[in-house]
Amino acid sequence: GRSLMPIKNGVYPRDYFPNTEKLGPNEMRIVALGTGMPQVIQKKTKASGWYVELGNGEKFLFDLGTGSMENLAALQPDWSQVDTVFLSHLHSDHAGDFAPLYIGGWMNGRYTPLHIYGPTGSRPELGTKAFVENQVKAWAWDIEGRKGSFPDAGGRALVKEFDYKKVQVIYDENGVKVTQFPAIHALDGSVSFRMEWGKRSFVFGGDSAPNNWYIEHAKGAEVAVHECFYTPEGLANAMDIGMKEATYISSYVHTPPAGFGKIMSAVRPRLAVGYHIWPNPEYMNQTLHEVAKTYDGEYVQATDLTVINVTDKQIVVRDAVVSELALPTGTTKEYLEAFRSEVDANSKITEYLSSERWKGFKPPPLPER
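Cut-offs and rules
Residues numbered from 1 in each chain as written. Predicted model: local features only at pLDDT ≥ 70, side-chain atom pairs only at ≥ 80, totals over all residues. Heavy atoms only, no water. Helix = DSSP H or I, 4+ residues; strand = E, 2+ residues; numbered from the N terminus. Buried < 20%, exposed > 50% of the residue type's maximum accessible area, 1.4 Å probe, protein only. Contact = heavy atoms within 4.5 Å. Areas by Shrake-Rupley, 256 points an atom, 1.4 Å probe, with all protein chains shown as cover. Lys, Arg positive; Asp, Glu negative; His and termini not counted. Charge placed at Lys NZ, Arg CZ, Asp CG, Glu CD. Phe/Tyr/Trp six-rings, centres within 6.5 Å; stacked < 30°, edge-to-face > 60°. Lys NZ or Arg CZ within 6 Å of the ring centre and 35° of its normal. Pairing = 2+ DSSP bridges. Axes fitted to C-alpha atoms, helices over the stretch in contact; angles between N-to-C directions. Core = buried A, V, L, I, M, F, W, Y, C linked by side-chain atoms within 4.5 Å. Parallel < 35°, antiparallel > 145°, perpendicular 65-115°, else oblique. Left-handed = near helix turned anticlockwise from the far one by under 90°. Nonpolar A, V, L, I, M, F, W, Y, C, P; charged D, E, K, R; others polar. Salt bridge = Lys/Arg side-chain N within 4 Å of Asp/Glu carboxyl O.

Attention now goes to the overall build of the protein chain. If you tally the helices and strands in the protein chain, you get twelve helices and 15 strands. Each of the three principal axes of the protein chain carries a C-alpha extent, and together these read 70 × 50 × 40 Å. Counting only residues that meet the buried cut, the protein chain has 51% of its 369 residues in that class. Across the protein chain, contacts joining residues at least 24 apart in sequence account for 66% of those joining residues at least 6 apart. Carbon and sulfur atoms form 53% of the exposed surface of the protein chain, whose accessible area is close to 17,700 Å². For the protein chain, the separation between the mean place of its 38 positive charges and that of its 44 negative charges on side chains is 3 Å.

Right under this line is the structure:
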């Protein structure tokens, strides 16, 4: 319920309060929805998710890690506009919140299909198309139970699967272009993205060991996000595992802090952004110290709800201040008027009223819509 606070002479308030600041016509805002690890979803640290808003009104999600949609909900977005997602790969800490966005967004205001862009795998059953189709099948009971009450189109999920091995433009609409390029992580089928809109550019690395694809395609970017994982020693301590396993995970499947620094020294973005650790002081301090050995540019180790505003003149990094009891912002006229299968809804009502499930307790009569 706050009124818009104008940003005067490029001076931003100390903290970001959702829905209080109108983006400038050439401004980009990036919010880290999740920056942590898959093993434990902490109250203050969800898994990978990044929300990008542009001054032309476009909004995009990069990854849907477990718990990340809780932080998106805390930002109280217009859910009718949150309908385009780019998945870097299909680990749960990058795609585990599919259902909260797909079904929750549908219930809270999305009246058009959800669009999911994601890579193929080494076999069809390991690709994004199979992942989404199986998710929809798994939630068949939920989806069927909501038909008629919510807009039909909002209950659809459209997959745009692309070849993970290629470097190619996978999205080009309304002046926004997203290019996909390969990454190296766990299995075949992991990618990174570069978004360009006018003078603004954003690169999201997903998970990957250091590789030349990222360096080549992130060069010149304004904001470059890349995982900045634990050192082998830090990971062994955090997970209580041996050094051999910790070294493999941190340096062969992920990118340790010194590797992150070397990558950013080659890319030289306006702002380098690391993520993918628990924000315990011990690990954060170790990470910052290690990055400083190999990188001397502008850098932030993101935590959940880090907010980055980008304009021609400056990049501002802040924290979002949100309520843990934030409610949806409300639906639009278009959502209320969108087509619903009324026959299905009426059939359900008739079935309910004639069912034995009520056992003598009848609901009140339904009012006219």
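The structure having been displayed, the exposition proceeds.
A separate point is helix α7 (residues 232-239). Taken as a whole, α7 has its buried residues at Pro-232, Gly-234, Leu-235 and Ala-236. Summarising the contacts, the buried residues of α7 are in contact with α8 (243-253) and α10 (281-294).

Right, let's talk about unusual backbone geometry for a bit. Backbone geometry at Asn-19 places phi at a positive 65°, although glycine is not the residue there. Its relative accessible area of 42% is what places Asn-19 among the partly exposed residues. Although it is not a glycine, Ala-186 sits at a positive phi angle of roughly 60°. Within the element layout of this structure, Ala-186 appears in the loop between β8 (176-182) and β9 (191-197). The class of Ala-186 is partly exposed, set by a relative accessible area of 49%.

Attention shifts here to the packing of aromatic side chains. Taken as a whole and assessed by the stated rule, the structure comprises 23 aromatic pairs. Ring centres of Phe-260 and Tyr-299 lie 5.4 Å apart, and the angle between their planes is 50°; this geometry places the pair in the tilted category. Of this pair, Phe-260 sits in helix α9 (residues 257-267) while Tyr-299 is found in strand β13 (residues 299-301), placing the two residues 39 residues apart along the sequence. The burial state of Phe-260 is the same as that of Tyr-299; both residues are buried. Three or more aromatic residues link up through ring pairs in this structure, and these residues are Trp-50, Phe-60, Phe-62, Phe-86, Tyr-117, Phe-162, Tyr-171, Phe-193, Phe-202, Phe-204 and Tyr-275. The ring of Tyr-335 has Arg-340 lying over it, and the distance from NZ or CZ to the ring centre is 5.3 Å.

The next subject is the environment of Tyr-248. Within the secondary structure, Tyr-248 is located in helix α8. Judged by relative accessible area, which is 48%, Tyr-248 ranks as partly exposed. It is 8.1 Å that separates the C-alpha atoms of Tyr-248 and Pro-232, two residues lying 16 residues apart in sequence.

Further remarks concern the sheet that holds strand β14 (residues 306-310). Judged by pairing direction, the sheet is mixed, and its eight strands sit side by side in the order β6-β5-β4-β3-β2-β1-β14-β15 without closing on themselves. Each having just a single partner strand, β6 (157-162) and β15 (315-319) make up the two edges of the open sheet. This sheet shows a mean twist of 20° between the axes of neighbouring strands, independent of strand direction. Bridge analysis of strand β3 (residues 59-62) against strand β4 (residues 84-86) gives two bridges, and the strand direction is parallel. Its bridge partner being in β4, Phe-62 is matched across the sheet by Phe-86.

Looking now at the nonpolar core. Counting residues in hydrophobic clusters, the biggest one holds 31 residues, and the most contacted among them are Trp-50, Phe-62, Phe-86, Phe-193, Met-195, Phe-202 and Val-273. The element contributing the most residues to this core is β9, with four residues. Setting aside residues no more than four positions away along its own chain, Phe-86 makes contact with Phe-60, Leu-61, Phe-62, Asp-63, Tyr-117, Ile-170, Tyr-171, Val-178 and Phe-193. Core analysis: the next-biggest nonpolar cluster, separate from the first, contains 29 residues, Val-85, Phe-98, Tyr-102 and Trp-106 among them.

What follows deals with the sheet that holds strand β12 (residues 271-275). An order of β7-β8-β9-β10-β11-β12-β13 is seen for the seven strands of this open sheet, with the pairing classed as mixed. Of all the strands in the sheet, the pair left with one neighbour each is β7 (168-173) and β13. Strand-to-strand twist of the sheet, defined as the mean angle between neighbouring strand axes without regard to direction, takes the value 15°. Here β9 pairs with strand β10 (residues 200-204) via five bridges, running antiparallel. What sits directly across from Trp-197, in β10, is Arg-200.

Attention shifts here to the packing of α9 against α10. Following both chains from N to C, one finds α9 and α10 inclined at 40°, their axes separated by 7 Å at the closest point. Judged by the inter-axis angle, α9 sits oblique to α10. The handedness of the crossing between α9 and α10 is right-handed. Mapping the contact onto sequence places Pro-257, Ala-258, Phe-260, Gly-261, Lys-262 and Ser-265 in α9 and Thr-287, Glu-290, Val-291 and Thr-294 in α10. Looking at the contact of α9 with α10, its residues break down into four nonpolar, four polar and two charged.

The full count for this structure, using the stated rule, is 17 salt bridges. Of the charged contacts in the structure, one is a salt bridge between Lys-129 and Glu-133, with a shortest N-O distance of 2.6 Å. Of this pair, Lys-129 and Glu-133 both sit in helix α4 (residues 128-138), four residues apart, roughly one helical turn. By relative accessible area, Glu-133 is classed as partly exposed at 35%. One salt bridge in this structure joins Glu-290 and Lys-293, with 3.0 Å as the shortest N-O distance. Highlighted residues: Glu-290 and Lys-293, both in helix α10, separated by three residues, approximately one helical turn.

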